[in-house]
Amino acid sequence: MLQKNRSGRKSTGSVKTKRKSVSKSKTSAAHRKTSAGKSRKNSRVRQRNLRMLLICIILMVGVSIGCWYGINNVQERERKEQEVLLEQENSGSGPEQWQKEGAPYIDVELLTPNEYSRPQIPIESVKYIAIHYTANPGATAMANRNYFENLANTHETKVSSHFVIGLDGEVVQCIPTSEMSYATNSRNVDTVSIECCHQDEIGKFNDATYDSAVKLTAWLCVRFGLTSENVIRHYDVTGKNCPKYYVENPDAWIQMKADIASQIEVDYKLKNTQ
Ligand SMILES: [Zn+2]
């Protein structure tokens with residue numbers, strides 16, 4: 001009995017304990033639920049805050065990049081305008097005045113300084129004018145100029161020219177004549193280079209290109225106190241087949257030099273009457 005009683009008491013006690021523990025576990029489960037709910041809520045809030053922070057950062061970075069580009073573009077434009085003005089000041093004039101002196105119209109589209117096409121190395125004194133052909137049939141003067149410009153990004157090779165003459169006789173200036181171009185190898189140090197566009201593989205300049213090449217070369221000769229003897233082909237420096245047609249047809253080159261010499265005479269007369 002005692003045992004029974006004991007066990008009964010015991011059993012009564014254990015039921016109580018069980019009840020207690022059940023109610024405890026219910027409470028702690030409810031607690032867990034609440035705290036789980038709370039922590040879920042907290043984590044949702046944290047995630048939302050993180051998302052907001054991330055969006056803010058992305059927006060700030062975007063706005064900063066936008067501002068940076070905007071400022072850079074304005075600065076780049078201002079720099080190019082200043083360079084054009086500087087080139088015109090250095091020569092004492094601009095494209096209109098140059099035309100009065102016998103030059104064809106020159107569209108000054110200077111390259112952005114970069115080590116692949118416009119290294120900004122000064123030419124101490126211009127002693128030669130070198131004629132080239134682009135070896136790129138049908139391409140325009142601006143396309144050739146933009147190819148030089150793009151070398152700053154592609155790093156493909158080092159090449160450029162002071163002037164490019166197009167198929168319509170248009171002249172684009174890429175580099176100031178006070179700076180070196182990468183066109184005529186060992187003669188880059190004292191030579192102003194002219195690239196001429198051509199229609200086909202033969203490499204002969206059409207009338208418009210030829211006319212501008214003669215006028216531009218003659219005007220440069222007068223400007224730097226040179227004669228037609230100082231007009232050379234790329235071939236005369238390195239033996240390269242450039243300008244192709246005028247290497248393969250020496251008579252055509254002799255004729256071109258004679259035409260340049262005549263134009264130099266005309267330009268000197270123009271100069272004296274101004
Ligand atoms: Zn050449």
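Look up a bit, the structure's there.
Residues numbered from 1 in each chain as written. Predicted model: local features only at pLDDT ≥ 70, side-chain atom pairs only at ≥ 80, totals over all residues.

Let's shift gears to the overall build of the protein. Helices and strands together make up the secondary structure of the protein, namely seven helices and six strands. Each helix and strand of the protein, ordered N terminal to C terminal, gives the series α-α-β-β-α-β-β-β-α-β-α-α-α. The proportion of buried residues among the 274 residues of the protein is 29%. Partitioning the intrachain contacts of the protein with sequence separation of at least 6 by distance along the chain shows that 73% fall at a separation of at least 24. (Helix = DSSP H or I, 4+ residues; strand = E, 2+ residues; numbered from the N terminus. Buried ≥ 20, exposed ≤ 12 C-beta atoms within 10 Å, placed from the backbone. Contact = placed C-beta atoms within 7 Å.)

Once that is clear, we can look at the packing of helix α4 (residues 207–223) against helix α7 (residues 250–273). Here α4 crosses α7 at 55°, and the two axes come no closer than 8 Å. When the axis of α4 is compared with that of α7, the two are oblique. Remark: the crossing between α4 and α7 carries right-handed chirality. Counting all contacts with α4, which are made through Val214, Lys215, Thr217, Ala218, Trp219, Cys221 and Val222, the residues of α7 involved are Met256, Asp259, Ile260, Gln263, Ile264, Asp267, Tyr268 and Lys271. When grouped by side-chain class, the residues that make up the contact of α4 with α7 number nine nonpolar, two polar and four charged. (Axes fitted to C-alpha atoms, helices over the stretch in contact; angles between N-to-C directions. Parallel < 35°, antiparallel > 145°, perpendicular 65-115°, else oblique. Left-handed = near helix turned anticlockwise from the far one by under 90°. Nonpolar A, V, L, I, M, F, W, Y, C, P; charged D, E, K, R; others polar.)

Moving on: the sheet that holds strand β6 (residues 231–233). Pairing in this open sheet of six strands is mixed, and the strands run β1-β4-β3-β5-β2-β6 from one edge to the other. The two strands at the open ends of the sheet, each matched to only one other strand, are β1 (106–108) and β6. The average undirected angle you get between the axes of adjacent strands in this sheet is 25°. As defined by bridge partners, strand β3 (residues 163–165) adjoins strand β5 (residues 191–196) across three bridges and the pair is classed as parallel. Paired with Val164 across the strands is Glu195, a residue of β5. (Pairing = 2+ DSSP bridges.)

Most of β5 sits inside the fold, with six of its six residues counted as buried. Along β5, one buried face is formed by Thr191, Ser193 and Glu195 and the opposite face, lined by Val192, Ile194 and Cys196, is buried too. In this sheet, β5 lies alongside strand β2 (residues 128–133) in parallel orientation, the contact comprising six bridges. Across the sheet, the residue bridging to Tyr133 is Cys196, located in β5.

This part takes up the environment of Asn272. Looking at the secondary structure, you find Asn272 in helix α7. You can call Asn272 exposed: it has 7 C-beta atoms within 10 Å. Separated by 171 residues in sequence, Asn272 and Glu101 place their C-alpha atoms 9.9 Å apart.

We now examine the environment of Cys174. Its place among the elements puts Cys174 in the loop between β4 (171–173) and β5. Along the backbone, Cys174 and Phe148 are 26 residues apart, and their C-alpha atoms lie at a distance of 8.5 Å. The residues contacting Cys174, other than those within four sequence positions of it, are Glu109, Leu110, Leu111, Arg145, Phe148, Ser160, Ser161, His162, Phe163 and Val164.

Moving on to α7. What sets the pattern is the α-helix's 3.6 residues per turn: residues three or four places apart point alike. Along its 24 residues, α7 runs 35 Å from first to last C-alpha, staying within 8% of the 34 Å computed at 1.5 Å per residue. Here α7 has its buried residues at Met256, Lys257, Ile260, Gln263, Ile264 and Asp267. (Expected span 1.5 Å × (residues − 1).)

At the junction of Cys242 and Pro243, the peptide bond is cis and its omega measures out at -5° in the coordinates. For Pro243, the location among the structural elements is in the loop between α5 (234–238) and α6 (244–248). Of note in the backbone geometry, Ala135 takes a positive phi value of approximately 60° without being a glycine. Secondary-structure assignment places Ala135 in the loop between β2 and α3 (141–154). Residue classification places Ala135 among the partly exposed residues on the basis of 15 C-beta atoms within 10 Å.

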